[in-house]
Amino acid sequence: MIYLAPFTYPFIIGAAFMFLIVVWKYAMWFIDLPKEDVQKIKKGIFSKATLYSVWEIFRESLLHVRIFKRSLPLGYMHCSLALGWFMLIVVGWIETIVYLGNSFVPLYGHVFFRFFAAPVLTEHFWILDFLMDFFLLIVLSGVFLAWIKRFSSRLVGIRRTTKHVLTDRLAMSFLWFVFPLRLLSETVTASIYGGGGFLTGSLGELFAAFLPSQLLSSLLMPFWWCYSISLGGFFCFMPFSRYMHIFTEIPLILLRNWTLRPTLDEKSYDKFEIQACSRCGICIDECQLQKVLGIENVQSVYFLRDKRYHMLRLATAQNCLMCGRCQQVCPVGINLNTLRLSTRAIMRNIPSEQRYNYFNGIDRSCGEGRVGYFAGCMTHLTPKIKISMEKIFKAAGEDVWYADSEGSVCCGRPLMLSGETDAARKMIKFNEELFRKHKITTLVTSCPICFRVFTEQYNLEGITVLHHTQYIASILRSGRIALSPEECSYVYHDPCELGRGCGVYDEPREVISRAANLMECSQNREHALCCGGSLSNFVIDDFQQQKIASSVVEHLLLSGAERIATACPLCRKTLSRATERRVMDIAEIVSERLT
Amino acid sequence: MIMQTDVVVVGGGVAGIKAACELCQAGSKCVLVERDSVLGGKLRGWHKLFPSFTSSSDVIEELLNELKQSNVECLLGSEVVYISSTLCRLASGTEIQCRAVILATGYNLFDARIKEEYGYGIYDNVITSVDLERMFHTGTISTLSGAAPEKVAILHCVGSRDEKVCQRHCSKVCCITAVKQAIEIKKMLPNSEVFNFYMDMRMFGPGYEELYLTAQKQYNVHFIRGRISEAAQLPKGRLQIKAEDTLTARPLIMSVDMLVLMVGMKAPKQNALFALATGLELQPSGFISSKDLFLEAVLTSVPGIFVAGTVTAPKTIGESISEATMASRAALKFIEG
Ligand SMILES: Cc1cc2nc3c(=O)[nH]c(=O)nc-3n(C[C@H](O)[C@H](O)[C@H](O)COP(=O)(O)OP(=O)(O)OC[C@H]3O[C@@H](n4cnc5c(N)ncnc54)[C@H](O)[C@@H]3O)c2cc1C
Ligand code: SF4
Ligand code: SF4
């Protein structure tokens, strides 16, 4: 067979261009990886993690199981396009081998096999024809759903669909035409030469029966040209559009299984995460800024998009509660909050040598004991919680070193959230030394914000860090304090930093159930709502925060509970502003029920 | 039960009393409805009034005398739960049909417990300006242990000009009340030290600036520009407060025996209910909007509903009473068509 036809040039040029750009991109990203990450790759590459990744790539890049779990039609749309196309390539490859044996076939020979083979083939394998048509049909159904999604996203299971940039629109338009044109080209070919499966074959017969053969012959080349152009066009725009995710998710899954992660300092690995976003838009619906306040264009999909195209504005980077709800549902598993933090750090970090020199030598702690208590700034603004903890420590007979009863250096997380990573590190260093100096073995804090930074960023070897709910649960279990339960029902509000942030869901519930009746609302645990008072959003005002809080209170009270319990001074403050019902920290509930 | 009258005046504070008097004196029929069992509104809680130190009971007495002579029909202990321009419904179910309504339902005091960082309701010697007026009534200022405080901090703007509690507006009278109260403390306890923490001193009225100077010169009251950030309890019921002196740009920690919170005025929730039922417009602060700030301050967006006093914004007594006169005139003009 001779594989020479000018109509293949658009495809060849597009594919070559795409190949070069993608390889060049990946090469640059890999070269720029920091040493630790390279070490991790070396360690992981010959481990079980690699095998597991292959399975995960199949599951997520082709089947899209996580999107299926979210919405059936949306999952089907992604799956049919990815798996269908993939199978067309695989079966197409087998087809050429079956028909031509081991002789060399150029890439475009595989792609346009029907064009080259139809005039010369004498026998047909119906099963191959069937499979090729079957997968083409699957892909076409996916394209059809994608069209529907543009007109009404609700029909495919999401409320809002992403607003795209120009390269996305161009690539998408080409992509939409690729498969319908393939269908037409193969149909016309079949109408002239015979062959084809249940789809192209039958349609071909239909064409042959109703259209003059002269017309069909004159249509043949234009269709194949259009098909080739749409493929080539798609490939040209692909590396600059959201479709870069098709390839990028594969190295991302490998790297992630080799334990690479984004950090507070931006690094080359982040590029894999950023460009693996398919702009599916699943994160948009999840965001309360969207749902309650109607704020658009700041959600993670837009943040990643703007960052990738270097058009990110500070106001976008800073308009986020860092509640982590989007991260929870992102089917690609992108570390959205960390990426936002490292970006804020580039935009805002103000290096200053002298700024915190006055830390030197200050120590306003008091008391003595192996257990240290760090109330945290927020708890100082809600003194009832602090007093309750003091009462509980006393009841348990605990000797406590109070780290910050007379004032202290901040835990550092608020500065970290605002992007001032260097300043935060100074505070971290100061507090680490303070804790070590007083030789504590356990550190209890009432604030999930402090708790998270203690566990994630502090080096506190030899010191067990506990949130006060965990501490209270342990002394209840060991019988060091006892409670007389009250006839009152509480619904528990999971604070973002404690729940999604640190994975503490059970101890707070355990403690409440020992003190009163615990009730649940439907959006709880990993799916809990953010109270709205987050320290991380620098754009919305207090009235907007209050609006979010009111919507959260409304949802919590749907549980039928009389009161609201939480385990964060900030949540407690924010929610109590939005309701007349009592909103209490678990420490307060416990201290009131001590026997 | 169904009653009938020309005008219903809702709220028996100073504004409501004055409006009812004016209406009756002009020969129209009117009913004054008050939720409490007594008339007078917030004034019943104040001891002496700024800027003249007139006794608050003198003002109430004067108004009540006028009320008696005008033969106003008063419904005490009756809360109005629904209004329209031709009907008022009471909590008891009684309906009053009328031809116009004057809303003089006033304001609520900001609940200081919401600013929990100051420890009201938690620490012994954190009180509000209202509690202090109560102490003035009894004639002694003392901490919980019964001792006279030696050092007192007064914090302005609690629940005013504070976005964090969604109260963006200025409550207008707290600054001058704080000056007045500081002087009263110094008069009763000359050896005490008094520190006022303010954001701005808004001495807008006649004689206010002079009183502010008197407080500094004659009574040696200290004024520090800066908001207190938090309070904490020390042994023996003393309090430690943290603030920033923004004039010297220094953080400041001080121990005091008593902390007085100048609670602001908050729009009552019922304003929103009234607005919902009638189409009255609300300001972002929750107070009711006047039809026009200059020429029709006592009219509202609904014909037949008029406003007087602090139902539209924080005001002094004098301002509230003048508005009452205007509102009654406007209502009369309205019903005479
Ligand atoms: C601490 C403090 C000190 C002050 N000191 C001074 C001072 O020295 N000098 C000065 O000029 N001003 C002072 N003021 C301001 C003064 O209190 C007000 O100007 C005045 O009270 C306004 O009167 P009013 O009638 O508008 O409202 P209010 O006094 O609030 O009266 C409203 C009345 O309406 C009634 N009401 C409300 N809703 C209903 C309903 N649904 N049905 C029936 N009745 C209802 C209420 O029970 C109340 O009696 C002070 C304010 C504060 C906070
Ligand atoms: S961030 Fe995740 S959820 Fe959001 S659009 Fe990208 S892939 Fe989808
Ligand atoms: S972290 Fe929360 S607020 Fe931020 S984009 Fe995600 S869902 Fe929205």
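Visitor: Help me understand the pairing of strand 17 (residues 239–245) of chain B in this model?
Guide: Here is the key point about a regular strand: its side chains alternate between the two faces of the sheet. Residues and elements named next belong to chain B. Among the 7 residues that make up strand 17, 5 are buried, leaving the element largely enclosed by the rest of the structure. Strand direction decides the pairing type here: strand 16 (residues 228–233) and strand 17, joined by 5 bridges, are antiparallel. For Ile228, the partnering residue across the bridge sits in strand 17 and is Ala243. In this antiparallel pair of consecutive strands, strand 16 and strand 17, the connection spans 5 residues, and Lys236 shows a positive phi of 60 degrees. Judged from the 7 bridges that link them, strand 17 and strand 18 (residues 250–256) form a sheet pairing that is antiparallel. Note that in strand 18 the partner of Leu239 across the bridge is Val256. Counted between consecutive antiparallel strands, the loop separating strand 17 from strand 18 contains 4 residues, among which Ala249 sits at a positive phi close to 55 degrees.

Visitor: Would you mind showing me how to read the domain arrangement of chain B here?
Guide: Residue and element names in this part refer to chain B. In terms of domain boundaries, chain B breaks down into domain 1 (2–107 + 267–336) and domain 2 (112–264). Placing a centre on the C-alpha atoms of domain 1 and another on those of domain 2 gives a separation of 31 Å. Across the boundary between the two partners, domain 1 contributes 15 residues, which contact 19 residues of domain 2. Together domain 1 and domain 2 conceal approximately 1,500 Å² of surface at their shared face, both sides included; 65% is due to carbon and sulfur atoms. Considering only the side of domain 1, the residues that lose the most area to domain 2 are His47, Phe50 and Phe53, jointly responsible for 42% of the buried surface there. Applying the counting criterion to the domain 1 and domain 2 interface returns 1 salt bridge. For Glu319, the salt bridge goes to Lys172, with nearest N and O atoms at 3.2 Å. The tally of links between domain 1 and domain 2 comes to 4 residue pairs in polar contact (both at pLDDT 80 or more). Its residues placed into classes, the side of domain 1 that touches domain 2 shows 7 nonpolar, 4 polar and 4 charged.

Visitor: What exactly am I supposed to notice about the site of ligand 1 here?
Guide: All names here are of chain B. Looking at ligand 1, there are 35 residues lining it, with Glu34, Phe50, Thr310, Lys315 and Ile317 nearest. Contacts to ligand 1 include Val14, whose backbone N or O atom sits 3.3 Å from an oxygen atom. Within the backbone of Ile317, an N or O atom sits 2.8 Å from an oxygen atom of ligand 1. For ligand 1, whose accessible area on its own is 990 Å², the fraction buried by protein is 98%. Taken together, the elements giving at least two residues each to the shell around ligand 1 come down to helix 1 (14–25) and helix 7 (317–336). Among the residues making up the shell around ligand 1, the classes are represented as 15 nonpolar, 14 polar and 6 charged. Lining the shell around ligand 1 are residues from two domains, each supplying at least three of them: domain 1 (2–107 + 267–336) and domain 2 (112–264).

Visitor: For this particular structure, what's the right way to read the packing of helix 1 of chain B against helix 2 (residues 56–69) of chain B?
Guide: Each pair of packed helices can be summarised by the angle the axes make with each other and by the distance between the axes. All names here are of chain B. Two elements in contact, helix 1 and helix 2, have axes separated by 9 Å at closest approach and are oriented at 30 degrees. Of the possible angle classes, the one that applies to helix 1 and helix 2 is roughly parallel. Helix 1 and helix 2 meet at a crossing whose hand is left-handed. Side by side, helix 1 and helix 2 meet where Val14, Ile17, Lys18, Ala20, Cys21 and Gln25 of the first sit next to Leu63, Leu64, Glu66 and Leu67 of the second. Grouping the amino acids of the contact of helix 1 with helix 2 by side-chain chemistry returns 7 nonpolar, 1 polar and 2 charged.

Visitor: How should the interface of chain A and chain B be read in this particular structure?
Guide: Put simply, an interface is often sized by how much accessible area is lost when its parts join up. Contacts between the two partners involve 17 residues from chain A, matched on the other side by 16 residues from chain B. Together chain A and chain B conceal approximately 1,500 Å² of surface at their shared face, both sides included; 53% is due to carbon and sulfur atoms. Linking chain A to chain B there are 4 salt bridges. Of the charged contacts, one joins Lys573 of chain A and Glu117 of chain B as a salt bridge, the two residues approaching to 2.6 Å between their closest N and O atoms. Where chain A packs against chain B, one counts 6 residue pairs in polar contact (both at pLDDT 80 or more). Looking at the side of chain A that touches chain B, the elements that each hand over two or more residues are helix 21 (383–396), helix 27 (542–557) and helix 28 (569–576) of chain A. At 4 residues, the largest contribution of residues to the side of chain A that touches chain B is made by helix 21 of chain A. Broken down by class, the residue content of the side of chain A that touches chain B amounts to 4 nonpolar, 4 polar and 9 charged.

Visitor: So what exactly am I meant to see when it comes to the sheet that holds strand 13 (residues 151–158) of chain B here?
Guide: Strands pair in a sheet through their backbones, by hydrogen bonds, and they do so in one of two ways: parallel or antiparallel. Residues and elements named next belong to chain B. Within the open sheet, the 5 strands sit side by side as 12-19-13-14-15. Their pairing is parallel. At either margin of the open sheet sits one strand with a lone partner, and together these are strand 12 (126–128) and strand 15 (222–225). Each adjacent strand pair in this sheet contributes to an overall mean axis angle of 25 degrees, direction not counted. Summarising the sheet, strand 12 and strand 19 (residues 258–263) pair through 3 bridges and their orientation is parallel.

Visitor: Would you mind going over the nonpolar core with me for this structure?
Guide: Most often, soluble globular proteins keep nonpolar side chains buried together rather than apart. Phe435, Phe454 and Ile472 of chain A are the most contacted members of the largest nonpolar core, which totals 97 residues. Looking at this core, the element that brings in the most residues is helix 23 (residues 421–437) of chain A, giving 7 residues. Apart from residues lying up to four places away in sequence, Phe435 of chain A is in contact with Phe374, Trp401, Ala403, Ile440, Leu443, Phe454, Tyr458, Leu460 and Ile463 of chain A. Residues Ala178, Leu239, Met258 and Val260 of chain B belong to the second largest nonpolar core, which totals 95 residues.

Conventions adopted
In every chain, residue numbers begin from 1 and rise along the written sequence. By the order in which they are written, chains take letters starting at A while ligands take numbers starting at 1. Under the rules for a predicted model, residues below a pLDDT of 70 receive no local features and side-chain atom pairs below 80 are neither given nor counted, while totals for whole chains, interfaces and linings still include all residues. Side-chain descriptors were evaluated using all non-hydrogen atoms of the structure, hydrogens and water having been removed beforehand. The classification of residues rests on relative accessible area computed with a 1.4 Å probe and restricted to protein chains. Under 20% of the type maximum is buried, over 50% is exposed, and intermediate values are partly exposed. Where helices and strands are cited, they refer to DSSP runs of H or I of at least four residues and of E of at least two residues respectively, numbered from the N terminus. When DSSP finds at least two bridges between two strands, those strands are taken to pair. Start and end points for every domain follow an automatic or database-based domain assignment. Contact between two residues is taken to exist if any of their heavy atoms lie within 4.5 Å; hydrogens are not considered. Summed over both partners, the accessible area (1.4 Å probe) lost when two parts come together is defined as the buried area. Every case where a carboxyl oxygen of Asp or Glu lies within 4 Å of a side-chain nitrogen of Lys or Arg is listed as a salt bridge. In protein, a polar contact means a hydrogen-donor-capable atom and an acceptor-capable atom, both N or O and within 3.5 Å, with residues adjacent in sequence counting only if both atoms are side-chain atoms; elsewhere, any N or O pair within 3.5 Å suffices. Polar here means any residue other than Ala, Val, Leu, Ile, Met, Phe, Trp, Tyr, Cys and Pro, which are nonpolar, and Asp, Glu, Lys and Arg, which are charged; Gly is therefore polar. In this text, near means that some heavy atom of the residue lies within 4 Å of the molecule or strand in question. Here the Shrake-Rupley method, with its probe set to 1.4 Å, supplies the accessible areas, and only the displayed protein chains count as covering residues. For helices, the fitted axis covers only the stretch in contact; all axes are lines through C-alpha atoms, and the angles between them, taken along N-to-C directions, range from 0 to 180 degrees. The cut-offs work like this: below 35 degrees is roughly parallel, past 145 is roughly antiparallel, 65 to 115 is roughly perpendicular, and the gaps in between are oblique. By convention the crossing between two helices is left-handed if the near helix lies anticlockwise of the far one by an angle smaller than a right angle, and right-handed if it lies clockwise. Residues grouped as a nonpolar core are buried Ala, Val, Leu, Ile, Met, Phe, Trp, Tyr and Cys residues, joined through side-chain atoms within 4.5 Å.

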